[in-house]
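Observations on the model geometry
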Amino acid sequence: MEVSVLNIKGQETGRKVTLNEAIFGIEPNDHVLYLDVKQYLAAQRQGTAKTKERSELSGSTRKLGRQKGGGGARRGDINSPVLVGGARVFGPKPRNYDFKLNKKVKVLARKSALSYKVQDNAIIVVEDLKFEAPKTKEFVNFAKNIKVEGKKTLVLLSEVNKNVYLSARNIQGTEIMTATSLNTYKVLNADIVVIAESALKAIDGILNK
């Protein structure tokens, strides 16, 4: 599949690039997409939820009432879970929610996500972005020129570009990533994926091993 390369003004350069069918033209696999997104979101969880158990509460261990004859249920000390202010039974403990996924599964998920974007005509290829200085106004004009203003946009670069990153970081819904940091969730979450021309080669090298 051929895609026209646009310049920073949103005009066609007259050049076209061919998207690798092995990456951008596969039959998407919904199950691996689910697994990869689930793993990404699970890894974002802090896992620091914690409640105090009976042995961790500060309170007297004196038995509050006699064992029998009181007319009610048996009770121990004031830390009992059945009392207000008592301990929590089987409460959450700090844990790691992350889980392992095979590399081939993650690669297939990223290919599937990119293929969905191609099917939705949601991929734009542009010349390599070069800003002389960090200016949000320049990036806003760039977004207007390629008609992605107001849309959730993922911009993929071949390498870290500080000026581009600083120019876009205050724009809501816009995210700058390098090809090596590409992940399934970010691709699916974006309305439009803007790929720098040099980043296409990097993506081919990463996902087409």
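All of the points below concern the structure found in this document. (Residues numbered from 1 in each chain as written. Predicted model: local features only at pLDDT ≥ 70, side-chain atom pairs only at ≥ 80, totals over all residues. Heavy atoms only, no water.)

1. Focus: the nonpolar core
Phe 24, Leu 114, Phe 139, Leu 156, Val 194, Ile 195 and Ile 203 are the most contacted members of the largest nonpolar core, which totals 47 residues. If one sorts the elements of this core by residue count, strand 6 (residues 192-196) sits on top with five residues. In contact with Leu 156, other than residues within four places in its own chain, are Met 177, Thr 178, Leu 182, Val 193, Val 194, Ile 195, Ala 196, Ala 199 and Ile 203. (Core = buried A, V, L, I, M, F, W, Y, C linked by side-chain atoms within 4.5 Å. Buried < 20%, exposed > 50% of the residue type's maximum accessible area, 1.4 Å probe, protein only. Helix = DSSP H or I, 4+ residues; strand = E, 2+ residues; numbered from the N terminus. Contact = heavy atoms within 4.5 Å.)

2. A few points about the pattern of salt bridges
Proximity of charged atoms lets side chains of opposite charge pair with each other. Evaluated as defined, the whole model comprises seven salt bridges. Across the pair Glu 53 and Lys 93 runs a salt bridge, and its minimum N-O distance is 3.5 Å. Taken together, the residues Glu 53 in the loop between helix 2 (30-44) and helix 3 (103-119) and Lys 93 in the loop between helix 2 and helix 3 connect sequence positions 40 residues apart. Using a relative accessible area of 29% as the deciding quantity, one classes Glu 53 as partly exposed. (Salt bridge = Lys/Arg side-chain N within 4 Å of Asp/Glu carboxyl O.)

3. Focus on the packing of helix 3 against helix 7 (residues 197-207)
It is the contact of helix 3 with helix 7, at a shortest axis distance of 10 Å, that shows an interaxial angle of 140°. Along its contact with helix 3, which presents Val 107, Arg 110, Lys 111 and Leu 114, the element helix 7 presents Ile 203, Ile 206 and Leu 207. By residue class, the composition of the contact of helix 3 with helix 7 is five nonpolar, no polar and two charged. (Axes fitted to C-alpha atoms, helices over the stretch in contact; angles between N-to-C directions. Nonpolar A, V, L, I, M, F, W, Y, C, P; charged D, E, K, R; others polar.)

4. Considerations on the sheet that holds strand 2 (residues 12-18)
If you walk across this open sheet you meet the six strands as 2-1-3-6-4-5, and the pairing is mixed. The open sheet has two free edges, formed respectively by strand 2 and strand 5 (174-178), since each of these has just one partner strand. Taken over all neighbouring pairs, the strand axes of this sheet differ in orientation by 30° on average, direction set aside. Here strand 1 (residues 2-6) runs beside strand 2; their pairing, made up of four bridges, is antiparallel. Note that in strand 2 the partner of Glu 2 across the bridge is Thr 18. This element, helix 7, spans strand 1, strand 2, strand 3 (123-126), strand 4 (153-157) and strand 6 of the sheet and lies at about 95° to strand 6. (Pairing = 2+ DSSP bridges.)

5. So, the packing of aromatic side chains
This structure, assessed with the given rule, holds three aromatic pairs. Residues Tyr 40 and Tyr 185 carry aromatic rings whose centres are separated by 5.1 Å and whose planes lie at 20° to one another, so their mutual orientation is stacked. Placement of the pair is Tyr 40 in helix 2 and Tyr 185 in helix 6 (residues 184-189), with a sequence separation of 145 residues. Ring geometry for Phe 139 and Phe 142: centres 5.6 Å apart, planes at 65°, overall edge-to-face. Of the two residues, Phe 139 and Phe 142 are both situated in helix 4 (residues 136-145); the distance of three residues between them amounts to about one turn of the helix. Owing to a relative accessible area of 3%, Phe 139 belongs among the buried residues under this scheme. (Phe/Tyr/Trp six-rings, centres within 6.5 Å; stacked < 30°, edge-to-face > 60°.)

So yeah, pure geometry; function would need other evidence.
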